Amino acid sequence: MNPAHYDYDTLADLAEGLLEDDQAASVNAHLDTCAECRDRSADLADVSRILAEAPVPSMPAELAARIDTAIAAESMSNATVVSLEQRRGRRHWRILSAAAATVVVLGGGAMVGKAALNGSGDNDHSATAHSPVTDRKDSNSGAPQGAAPSERTQTLGESGQPKVAGPYTVSRSGTDYRQGQLNQQVARLFGKGPELKAGGGQTPDPQLAQCVSTITGGKKPDLVDVAKYEGSDATVIALAGAKPGTWNVWAVGPNCSVLKRESA
Amino acid sequence: MASVSMRRVDEVPDKELLARHAQGDPHAFAELVNRHRDRMWAVAIRTLGDPEEAADALQDACLSAFRAAGRFRGDAAVTTWLHRIVVNACLDRLRRKSVRPATPMGDDATFDAVAPKMPDPTDAHGVSLDVQSALAQLPFEQRAALILVDMMGYSVDDAAKVLEVPPGTIKSRCARGRARLAPLLVQHRNRRDRKNVGGVEGGGMP
C-alpha cells in the first residue's frame, strides 16, 4: 500500500527509525518521487531546528534570589517556608552591611544579649571585662576547653543609623573551634553572659554580610565570630535552634565555603 | 544579586557538591543550583509556559532536590537527576492545577487556569511565543521529550534517563510531538495572516 501521501506521523516515525524495515523502504521509495512528502519531511526537520534555535531564557534574577533564599532557609533545621519577611531580610542585610550599624554581637543567653541583638540601637554597652581568660591564642593547641574568648565587649556607634533592624557585629573571640564541639563552644560563649567578648566588634563587611545572610537564610545570626576552626581561619556563625539553648552552628572558610555544620 | 562568595567553588564537580551538601554544607547545594539554574529554568518555563507557574515549580524542584539529595545515586549525572526533578515538579503543578483551581472561577477562567498559559508578549523571559504556544498544544509527555531532546540538546538516551522511560518511548514521543508541531510551526513561519491558534504574537489578527 502506497497512499497518495504520507502524513507527518509516518514521516516523523521514519526519521526516528521507528518504522519496520519494509515500511521504511516503501516510504523512502515514495519520497524519491514525491516532492510534497519531501517538503513535509523538511517541515519536520524544521520543527527540530526551530526548537533548537529558540533562545534560552535566563532565570529572572528575582527568582534566583528567591530560590537562594528558599534553599538557605531549608538548610536550617527548622525552616521550610520562605516568607516575604525573609526575602526582605536579605535586602536588609545588604543595607546593613553598607550602613555600618551599631551594636554588640554577643549577649547573655537572655536579656542583655536579646536587647543588644534586637538592635535597639541606642545601646551603649561599654566594654566590660572580666571573666577569666583561659586561652585566647590562635593556637592549634587542641584544647578547645581552653579556648575561651578574650574579654572586650565593644559597641560601635559610629554610623548613627539606629533604625536599621537586626544589626549584628562581628566578634573575634579568638576561639579555636573544634569539630564536634561547635555547639558546646558556642553555648559556652553565650553562657558568659553580658561580658561576652566581641574582640573586634566590627560591622560585617559586605562579603561577610552576604555570606552570613546566605547561611542563615536572611535571619539575624546570634553569633558571628571570626576565629579559627581546627586551627585554620574560619568564621563561626550561630543561629538559635528550635529549642532554647540549642544552636545551629556553621564554621565557614574565608571564601564562605562551609567547613562544618553542627546543630543540637 | 547572587552571592559573590559562592562563585569561588565553581570548579568543584557536581557530585562533590552534592556530597558536601549531604554533609551539611549549606553552600554546596546553592552552588549546584546556581550552576544549573538557567537550564533548569529553561525546562520549567518551556514545560509550563507561564512564568509564575514555572517559578513555583522550579522552587518546588529545588527544595525536593535539596531534601532528596541523600538518595541521589552516583551512577547518574547530577544534571539528569536535577532535570528529572524539575520535570516532575512541573507535572505536579499541572496536575494540581487541573484538579483544583486556586480560586473560584467562572467557566472561562477555569479553562484558562487549566490550559497552559502564554507568557505576556511584552515580558522579557525570552521564550519565543510561536514556539511556546505551539508547545502548549502538546500533551505533557511529548512536550517534555521535545524540550529535552530538541531544545536542550539531550541525546535520546539521556532524555530517557531523565524521564525514566525506555529510549524507544522517547523517540516515539518526539516523533508524535514533531508531527503535531509541524503544521503549527510551519503556519507560524509562513503565514502572518494565519488563523488564531491561541498565539498572542503577530499583527493583531483576532
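We now turn to the structure provided with this report.

Thresholds, definitions, all that
- Residues numbered from 1 in each chain as written.
- Chains lettered and ligands numbered in written order.
- Predicted model: local features only at pLDDT ≥ 70, side-chain atom pairs only at ≥ 80, totals over all residues.
- Helix = DSSP H or I, 4+ residues; strand = E, 2+ residues; numbered from the N terminus.
- Buried ≥ 20, exposed ≤ 12 C-beta atoms within 10 Å, placed from the backbone.
- Contact = placed C-beta atoms within 7 Å.
- Pairing = 2+ DSSP bridges.
- Axes fitted to C-alpha atoms, helices over the stretch in contact; angles between N-to-C directions.

## Topic: the overall build of chain B
- Looking only at helices and strands, one finds nine helices and zero strands in chain B.
- Going from N to C terminus, chain B has its helices and strands arranged as α-α-α-α-α-α-α-α-α.
- Buried positions account for 46% of the 206 residues belonging to chain B.
- Of the contacts formed within chain B by residues at least 6 apart in sequence, a portion of 63% connects residues at least 24 apart.

## What to know about the sheet that holds strand β2 (residues 223-229) of chain A
Residues and elements named next belong to chain A.
- Ordered by their spatial adjacency, five strands build an open sheet running β1-β2-β3-β4-β5, and the pairing between neighbours is mixed. Here the strands that pair on one side only, and so sit at the sheet edges, are β1 (176-177) and β5 (258-263).
- Pairing analysis gives six bridges linking strand β3 (residues 232-240) to strand β4 (residues 247-252), with the strands arranged antiparallel. Within β4, the residue paired with Val236 across the bridge is Ala251.
- Relative to β3, helix α8 (residues 206-216) is tilted by about 45°, and along the sheet it contacts β2, β3 and β4.

## A short note on the interface of chain A and chain B
- Listed by partner, the interface residues are 44 residues for chain A and 45 residues for chain B.
- Among the secondary structure elements, those contributing two or more residues to the side of chain A that touches chain B are α1 (8-15), α3 (35-53), α4 (61-74), α8 and β5 of chain A.
- The element contributing the most residues to the side of chain A that touches chain B is α4 of chain A, with eleven residues.

## Regarding the pairing of β3 of chain A
All names here are of chain A.
- The pairing of β2 with β3 spans seven bridges and is classified as antiparallel. Across the sheet, the residue bridging to Leu223 is Ala238, located in β3.
- With antiparallel pairing between neighbouring strands as the criterion, β2 and β3 make up a hairpin whose turn holds two residues, including Glu230 at a positive phi of roughly 50°.

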